[in-house]
Amino acid sequence: MHPGPLLLTALLAFPLAFPLAAQAGQAGGELVAAAAAAGRPPECSARSSRAIARGPTVWERARAPELPRYCDLLARGQAQLGSNPEAAREAARLADQLLPGHAAPQVLLARAALALGSPEDAGRAFDRARGVDPRSVEDPHTMHDLARSLARTGKRDEAIAIYRALVPRIDLLGTADQRALVLLEAAHLSMAAAGAAAKPPSGAAAEGARGDLDEAIAYLREARQRAQTQLARDVTLSLALALDRAGDKAQADAALDGEAADAGAGGDPRAQAAARARAEAARARAADHRAEAAARARAADQHAGAAAREHAADDLASAAARLRTVDYLAVPEDRLALEALALERTMTAAAIARWEAYLAGAGGQGPWAAAARARLDALRRGGGGGQRPARAAATGAAGRAPQAPGAAPAPGAGGAR
C-alpha cells in the first residue's frame, strides 16, 4: 500500500511526531520556547529559555567579538526578507564574512534567493546549510522555502517529503493564508505525483496513483476545514479537481455547488444515502441557478446587447486572473482545468473553451485527459458538470481508493476499504 495517506493520517494525529528544534523529552514549556525562538541560530541564542531574548552571553562575546554584529545582521536580514530581499541577501553575505562556516547565513541566502526568483541559487545555498547543520532548516518558514525551492527545481519527491514534515507544523506559521498555501502546494505536488504514477495505470503504478490522490485530497480537506482565507476558492476548486480525477464525480460536483457530500459517510448506508441526497439537491439548485442566470443573460442582451457581453467578458477575465495570483501549481496546465471548473456553473461556453484548451495542450497527452474529456462532453451535452448521474456510492476518497485514469473500477469501490 502506498504510504502517503497513512503517513499523513499519522502526522495529523500526532502534530509533534517530527522533531522540532527541541530534543525529545523536553517539557511543554521548553517546546513552546523553542517554537518562539524558531529561526534564531543556536550561536545567537542563550542556553536557557529564560534568557533567549538576551542574546549571547559575556563569555560568548569574549570568544567571538564579532558575534553581536553577526547576530544583528541575521536578525535584520530575516526581517527584510518579505520587503527587501536584496538587503536580506547582503546582510547574509556580511554575516558569513564575519563568522564563516555557520549554517544560518546560508539559510538566509537561500531564502533571499528564492524571494528574488532564483530557486536554483536557493537550492545550492540550502545544500550548503544542511551540509553544515541538518537541523538548520527545521524552522517552519525555512522548511516552506526549502520545499518550494525543491519543487521549482524539479526535485518533486524531496519536496513532497519536506511538505509531509511541514504540514503537522503549519500552525506555527504566521497567518491562515500561509497555512492554506502550504496545504495547496502540498496537494498539487501530490496530484502531480499521482499523474506520474498513473502512467501506465496498472499494478503498483496504479496503487501509487491512488495513494497520492488520497494524500492530495486529505491536504485539501484539511485546508477546507480551517478558517476561511483569501485562498478558500482555490482550495474548493482544487478539491473538486482532485475528487474528479479520483473518480468521485458526485463529491466533485457537490464541492463546486458549495455543498460537499459528507466524506465521513464511510460504509454506513444511511450516511451514504444522505450524502447522495445532498449531492443531488445541490445539483438541482445549481441547475435552477443556471436556468435563472441564462434567463437574466437573455434579458440583459435584449436591453443592453454588447454592454452585457462586455460585462460577461470582464467577469471571465477576472475569474481567470484570480487563479493566476498565487503560484501553487505543480503542473502549469492545471490552471486551465481550475479555470474551467470555476466557470462551469456560470459560463458554460467559457468553461467548454477552457477544457478544449486543456485537452489541446499538454493536458490532452497527460494522465487526466479522460477525466477532462468526460467533463467537456457533459458540458457539450448541455447537462453541465453538475448534472451527471451520481455514482452508486459517493463516499469520497476517505471511504475508498480512487480509480486511476483508465483503470477498471475496483470491487466494492463504494464501501470502505
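Owing to the predicted nature of the structure, the values given are computational and were not obtained by experimental measurement.

Reading the values: the criteria
- Residues numbered from 1 in each chain as written.
- Predicted model: local features only at pLDDT ≥ 70, side-chain atom pairs only at ≥ 80, totals over all residues.
- Heavy atoms only, no water.
- Helix = DSSP H or I, 4+ residues; strand = E, 2+ residues; numbered from the N terminus.
- Buried < 20%, exposed > 50% of the residue type's maximum accessible area, 1.4 Å probe, protein only.
- Contact = heavy atoms within 4.5 Å.
- Areas by Shrake-Rupley, 256 points an atom, 1.4 Å probe, with all protein chains shown as cover.
- Disulfide = S-S within 2.5 Å.
- Polar contact = N/O pair within 3.5 Å; in protein donor to acceptor, adjacent residues only side chain to side chain.
- Salt bridge = Lys/Arg side-chain N within 4 Å of Asp/Glu carboxyl O.
- Axes fitted to C-alpha atoms, helices over the stretch in contact; angles between N-to-C directions.
- Parallel < 35°, antiparallel > 145°, perpendicular 65-115°, else oblique.
- Left-handed = near helix turned anticlockwise from the far one by under 90°.
- Nonpolar A, V, L, I, M, F, W, Y, C, P; charged D, E, K, R; others polar.
- Core = buried A, V, L, I, M, F, W, Y, C linked by side-chain atoms within 4.5 Å.

1. Structural notes on the overall build of the chain
So, point 1. Summing up its helical and strand segments, the chain has 18 helices and 0 strands in all.
So, point 2. Taken over 417 residues, the chain has a buried fraction of 48%.
So, point 3. Within the chain, contacts between residues at least 6 apart in sequence are counted, and of these 62% link residues at least 24 apart.
So, point 4. On the chain, roughly 19300 Å² of surface is accessible, and the fraction owed to carbon and sulfur atoms is 55%.

2. Remarks on the state of the cysteines
So, point 1. Counted according to the given criterion, the structure contains 1 disulfide.
So, point 2. Between C44 and C71 runs a disulfide, and the two sulfur atoms are separated by 2.0 Å. Taking the sign of the S-S torsion, about -95° here, the bridge from C44 to C71 comes out left-handed. Of this pair, C44 sits in the loop between helix 2 (28-36) and helix 3 (58-63) while C71 sits in helix 4 (residues 67-80); the two residues are 27 residues apart in sequence, bridging distant segments of the chain. The exposure classification of C44 matches that of C71, with both residues buried.

3. Re the environment of E215
So, point 1. Along the chain, the position of E215 falls in helix 11 (residues 203-225).
So, point 2. Accessibility expressed as a relative area gives 0% for E215, which makes it buried.
So, point 3. Sequence separation between E215 and L189 is 26 residues; the distance between their C-alpha atoms is 9.9 Å.
So, point 4. A distance of 3.3 Å separates a polar atom in the side chain of E215 from a polar atom in the side chain of S190.

4. Examining the environment of E339
So, point 1. On the secondary structure map, E339 appears in helix 16 (residues 334-343).
So, point 2. Judged by its relative accessible area of 2%, E339 falls in the buried class.

5. A few points about the pattern of salt bridges
So, point 1. Across all of its chains, the model carries 21 salt bridges by this definition.
So, point 2. Measuring nitrogen to oxygen at the nearest pair gives 2.3 Å for the salt bridge that ties R124 to D121. Here R124 pairs with D121, and both are found in helix 7 (residues 119-132), just 3 residues apart, close to one helical turn.
So, point 3. R124 sits in the partly exposed class, given a relative accessible area of 46%.
So, point 4. Here D121 falls in the partly exposed class, since its relative accessible area comes to 36%.
So, point 5. What emerges from the salt-bridge pattern is a single network uniting D244, K249, D253, D257, E344, R345 and R375.

6. Overview of the packing of helix 6 (residues 103-115) against helix 8 (residues 140-152)
The description of two packed helices rests on the angle between their axes and on the distance between the axes.
So, point 1. Two numbers describe how helix 6 lies on helix 8: the axes approach to 10 Å, and their chain directions differ by 55°. With respect to helix 8, the element helix 6 is oriented oblique. Here helix 6 runs over helix 8; the crossing is left-handed. Contacts between helix 6 and helix 8 involve V107, R111 and L114 on the former and, on the latter, H141, T142, D145, R148, S149 and R152.

7. As for the packing of helix 16 against helix 17 (residues 348-360)
So, point 1. Put simply, helix 16 and helix 17 touch, their axes get as near as 8 Å, and they point 160° apart. Considering the angle they form, helix 16 stands roughly antiparallel to helix 17. In this structure, helix 16 crosses over helix 17, and the sense of that crossing is left-handed. Contact residues: D334, L336, A337, E339, A340, L341 and L343 in helix 16; T348, A350, A351, R354, W355, A357 and Y358 in helix 17.
So, point 2. Of the residues belonging to the contact of helix 16 with helix 17, the class tally is 10 nonpolar, 1 polar and 3 charged.

8. As for the nonpolar core
So, point 1. Y70, Y163, L341, W355 and Y358 are the most contacted members of the largest nonpolar core, which has 87 residues in total.
So, point 2. Ranked by residue count, the leading element in this core is helix 10 (residues 176-197), at 12 residues.
So, point 3. When sequence neighbours within four positions are dropped, the list of residues in contact with L341 reads L237, A240, L241, L256, W355 and R375.

9. Examining the environment of D177
So, point 1. Among the structural elements, D177 can be located in helix 10.
So, point 2. Residue D177 is classed as partly exposed on the basis of its relative accessible area of 28%.
So, point 3. In this structure, the C-alpha to C-alpha distance between D177 and Q230, residues 53 residues apart in sequence, is 6.7 Å.
So, point 4. Setting aside residues no more than four positions away along its own chain, D177 makes contact with T229, Q230 and L231.

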